[in-house]
Every structure is written in C-alpha cells, then in structure tokens.
Amino acid sequence: MSEPVILTETHNRAGLIRINRPKQRNALNGAVMTQLVEAAERFDADPNIGAIVITGDEAAFAAGADIAEMKDATTVEMMTSGRIELWDRLRRVKKPIIAAVSGWCLGGGNELAMACDMIVASETATFGQPEINLGVIPGAGGTQRLTRAVGKSIAMEMVLNGRFLSAKEALHYGLVCRVVPVENYLTSALELANEIAARAPLAVQFGKQMVNRAFETVLADGIADERAAFYLLFSTNDQKEGMAAFLEKRKPNWQGK
Ligand code: CO8
C-alpha cells in the first residue's frame with residue numbers, strides 16, 4: 001500500500017497536519033490538497049482541539065503545486081478541477097492555523113503558508129513564488145497575500161523575477177511571526193498553538209476573523225466589523241469571567257461560551 005500523503009496527530013489541544021510527500025518535496029497534488037483541507041475541517045469541528053498546525057518536513061514545507069500533474073492541463077481542466085477553490089474551505093476554518101515552515105516554501109506552498117494565520121519559520125526556510133520560471137504566475141492568492149504581507153516592491157521582485165527570501169528576510173518584511181533554529185520550529189509552532197488554544201475560544205475566533213478582515217476589506221468596514229465583534233463578546237460568559245478574574249487577581253476559567 002502506498003504511503004498516506006497527509007498524516008495527522010494531536011499534541012494536547014493542537015491538531016498537527018503533516019504533508020507527507022518527502023520525495024517530491026511535498027509538492028501539492030490533488031490528493032494532498034483535498035486531504036489537507038478535510039483534516040483541517042475535522043480538527044475545526046473537534047472540541048478537544050483549539051488550534052491547528054500545518055507542516056511538511058525539514059527539507060520542505062511544500063515546493064508548490066505538483067508540476068507533473070498540471071503540465072498538460074487545459075484552461076478548462078484547471079478551472080473545473082476545483083483544486084484552487086479548496087483554499088476557500090481552508091479560509092472558512094474558524095480555529096487559528098499556524099504554518100510551521102522548514103526548507104523550501106515555494107509557489108503553492110508559500111500560498112498555503114500565507115493562507116494560514118501565522119507562519120513560524122525555521123532558520124533554514126526559503127520563501128518564494130517561482131511560477132515565473134514556469135511561464136505562469138501564482139494562482140492561489142500569491143500575488144494578493146504576498147503583496148499585503150511584504151509590500152509592493154518586494155512582492156514584485158518575487159513574482160516577476162523569482163526572488164527568494166531567507167527566513168531572516170521573511171521576518172524582516174513581516175511574512176513570518178518568528179524564526180527559530182531548525183530543531184525547534186515544530187515544537188515552537190505547537191507551543192504557540194497550545195498557548196492560543198488555552199485562551200478564551202470565542203475571543204480567539206473573533207480575533208482571527210477580524211485580523212483577516214484587515215486583509216479583505218477597506219479600513220472603515222473593518223473598523224465597523226471589529227466594533228461589532230467587540231460588543232458581541234460582551235454577551236459571552238468568558239468576557240464576564242475574564243474581567244472578574246482580573247479584578248479578583250486569579251486565573252480565568254474559560255468555557256468557550
Ligand atoms: N512539483 C512536482 N514535483 C516536484 C516539485 C513540484 N512543485 N518540486 C520538486 N519536485 C520533485 C522533483 O521533480 C524531483 O523529482 P525526481 O526525484 O523524480 O526527479 C524531486 O521532487 C526532488 O526535487 P529536486 O531534485 O529538484 O530537489 P532539490 O532539493 O535539488 O530542489 C527545489 C528543491 C528547489 C524545491 C526544486 O525541486 C524546485 O525548484 N521545485 C519546483 C518549485 C516550483 O517551481 N514551484 C512552483 C510550482 S507552480 C505553483 O505552485 C503554482 C500554484 C498555483 C495554485 C496551487 C494549486 C494547488
């Protein structure tokens with residue numbers, strides 16, 4: 001029997017999804033994308049899980065969409081395969097998703113990492129959108145999310161000229177939230193996931209939603225949505241508990257209600 005292309009594990013309240021095509025540098029074929037999204041949705045629905053980590057292996061987070069699978073595709077086949085639309089399902093996952101990135105993070109791999117809520121990088125990570133070398137452009141959010149993350153000029157250099165960013169550069173330009181030694185990148189991401197998973201779940205969910213709104217809407221609409229979400233949290237037990245616990249100088253006991 002062939003190896004499963006996606007492996008899942010739980011680490012306390014963190015759900016871990018591993019892309020498992022090491023020989024192909026974790027290139028994202030249809031099976032990987034479908035099973036990855038299904039695994040994320042399963043963790044999203046699991047009350048024992050509070051945050052999700054997606055990773056590859058030390059050599060590669062993912063080297064992009066599977067070129068062998070796409071090579072002979074027609075426009076209609078690409079449009080009707082629904083492969084890129086799978087990303088929309090990932091966007092609908094309510095729990096925070098952290099990408100734990102080591103090694104190559106290229107093309108669709110970088111787009112997958114950017115579709116997550118945060119990126120924890122190993123010092124060995126390399127980020128890029130090398131589609132230009134294949135005669136195409138990024139097709140799953142690369143031109144849009146990258147530009148919002150690193151700014152126009154660097155995004156242009158990456159998309160038009162295939163420039164790679166080292167982990168240090170990615171931190172400098174705001175693509176990743178932390179860079180750690182290669183032996184720690186996964187534990188660091190899992191620790192971060194468990195820290196977040198221990199917080200008030202509804203506030204985490206709204207916080208994620210609202211930061212993502214900043215990527216998707218104009219400022220006035222985002223501010224209005226944020227205010228509505230903030231007011232809404234005053235209908236939760238966790239808001240009453242969090243503020244009472246602060247004033248009583250004790251730890252809050254979150255219920256997710
Ligand atoms: N697709 C298919 N196979 C791949 C891919 C890939 N993206 N990347 C690597 N492989 C395969 C190689 O063909 C090779 O196979 P084999 O052993 O059979 O020859 C094996 O993985 C190992 O690769 P290398 O020998 O090249 O390994 P190196 O360590 O020397 O180099 C690199 C690693 C730098 C990652 C190199 O393999 C490379 O440049 N890969 C291609 C990167 C790339 O161009 N990515 C963009 C792809 S296009 C894309 O992502 C568009 C996204 C659009 C939407 C997404 C929808 C899912």
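This is a predicted model, so every value here is computed, not measured. (Residues numbered from 1 in each chain as written. Predicted model: local features only at pLDDT ≥ 70, side-chain atom pairs only at ≥ 80, totals over all residues. Heavy atoms only, no water.)

(A) Quick look at the packing of aromatic side chains. Per the counting criterion, the structure on display carries three aromatic pairs. A centroid spacing of 5.2 Å and a plane angle of 70 degrees characterise the contact between phenylalanine 230 and phenylalanine 234, whose relative ring orientation is edge-to-face. The rings of Phe230, Tyr231 and Phe234 are connected pair by pair, giving a single aromatic cluster. (Phe/Tyr/Trp six-rings, centres within 6.5 Å; stacked < 30°, edge-to-face > 60°.)

(B) Structural context of helix H9 (residues 185–197). Compared with an ideal rise of 1.5 Å per residue, which puts 13 residues at 18 Å, H9 spans 18 Å between its outermost C-alpha atoms and is within 8% of the ideal. Here H9 lies mainly inside the structure; ten of its 13 residues are buried. For H9, the full list of buried residues reads Tyr185, Leu186, Ser188, Ala189, Leu190, Leu192, Ala193, Asn194, Ile196 and Ala197. (Helix = DSSP H or I, 4+ residues; strand = E, 2+ residues; numbered from the N terminus. Expected span 1.5 Å × (residues − 1). Buried < 20%, exposed > 50% of the residue type's maximum accessible area, 1.4 Å probe, protein only.)

(C) Structural context of the pattern of salt bridges. The tally for this structure, following the rule as stated, stands at twelve salt bridges. Close ionic contact of glutamate 41 with arginine 89 constitutes a salt bridge, the shortest N to O distance being 2.8 Å. Taken as a pair, glutamate 41 in helix H1 (residues 30–45) and arginine 89 in helix H4 (residues 86–91) lie far apart in primary sequence, 48 residues in all. Given a relative accessible area of 26%, arginine 89 falls into the partly exposed group. (Salt bridge = Lys/Arg side-chain N within 4 Å of Asp/Glu carboxyl O.)

(D) Just the site of the ligand, in detail. The full set close to the ligand counts 22 residues, and Arg25, Ala63, Ala65, Ile67 and Gly108 are the nearest of them. The contact in question runs from an oxygen atom of the ligand to an N or O atom on the side chain of arginine 25, over 3.1 Å. At 2.9 Å, a backbone N or O of alanine 63 approaches a nitrogen atom of the ligand. Within the complex, the protein chains bury 64% of what would otherwise be the 1100 Å² of accessible surface of the ligand. Its residues assigned to classes, the shell around the ligand shows twelve nonpolar, five polar and five charged. (Near = heavy atom within 4 Å. Polar contact = N/O pair within 3.5 Å; in protein donor to acceptor, adjacent residues only side chain to side chain. Areas by Shrake-Rupley, 256 points an atom, 1.4 Å probe, with all protein chains shown as cover. Nonpolar A, V, L, I, M, F, W, Y, C, P; charged D, E, K, R; others polar.)

(E) Region of the structure containing the sheet that holds strand S9 (residues 164–166). Read across the open sheet, the four strands follow the order S4-S6-S8-S9; overall the sheet is mixed. In the strand order of this sheet, the two ends are held by strand S4 (60–62) and S9, each with one partner. Each neighbouring strand pair of the sheet contributes to a mean axis angle of 20 degrees, computed without reference to strand direction. The pairing of strand S8 (residues 126–128) with S9 spans three bridges and is classified as antiparallel. Note that in S9 the partner of glycine 128 across the bridge is phenylalanine 164. (Pairing = 2+ DSSP bridges. Axes fitted to C-alpha atoms, helices over the stretch in contact; angles between N-to-C directions.)

(F) Geometry of the sheet that holds strand S2 (residues 14–19). The strand order across the open sheet formed by six strands is S1-S2-S3-S5-S7-S10, and the pairing between neighbours is mixed. Both edges of this open sheet fall to strand S1 (6–11) and strand S10 (178–180), since each of them pairs with a single strand only. The sheet shows a mean angle of 20 degrees between the axes of neighbouring strands, taken without regard to direction. Note: S2 against strand S3 (residues 51–55), five bridges, orientation parallel. Residue pairing in the sheet places isoleucine 17 in a bridge with isoleucine 54 of S3.

(G) How the structure looks around the state of the cysteines. Following the criterion strictly, the structure yields zero disulfides and no others. Cysteine cysteine 116 is unpaired, with the sulfur of cysteine 105 as its nearest cysteine sulfur at 9.1 Å. Considering cysteine sulfurs only, cysteine 116 is the nearest to cysteine 177, which forms no disulfide, with 11 Å between them. With a relative accessible area of 39%, cysteine 177 lands in the partly exposed category. (Disulfide = S-S within 2.5 Å.)

(H) Representation of the environment of valine 93 within the structure. Here valine 93 is to be found in the loop between H4 and strand S5 (97–101). Of the residues examined, valine 93 reaches a relative accessible area of 4% and is grouped as buried. Apart from residues no more than four positions distant in its own chain, valine 93 is found in contact with Ala40, Asp44, Ile52 and Lys208. (Contact = heavy atoms within 4.5 Å.)

(I) Representation of helix H10 (residues 201–216) within the structure. Helix length check: H10, at 16 residues, gives a terminal C-alpha distance of 23 Å against a target of 22 Å (1.5 Å per residue), a fit within 8%. Of the positions making up H10, those classed as buried are Val204, Phe206, Lys208 and Met210.

(J) Spatial organisation of unusual backbone geometry. Despite not being glycine, asparagine 12 has its phi angle at roughly 55 degrees, a positive value. Among the secondary structure elements, asparagine 12 is positioned in the loop between S1 and S2. With a phi close to 55 degrees, lysine 249 is a non-glycine residue in the positive phi region. For lysine 249, the position within the fold is in the segment after helix H12 (237–247).

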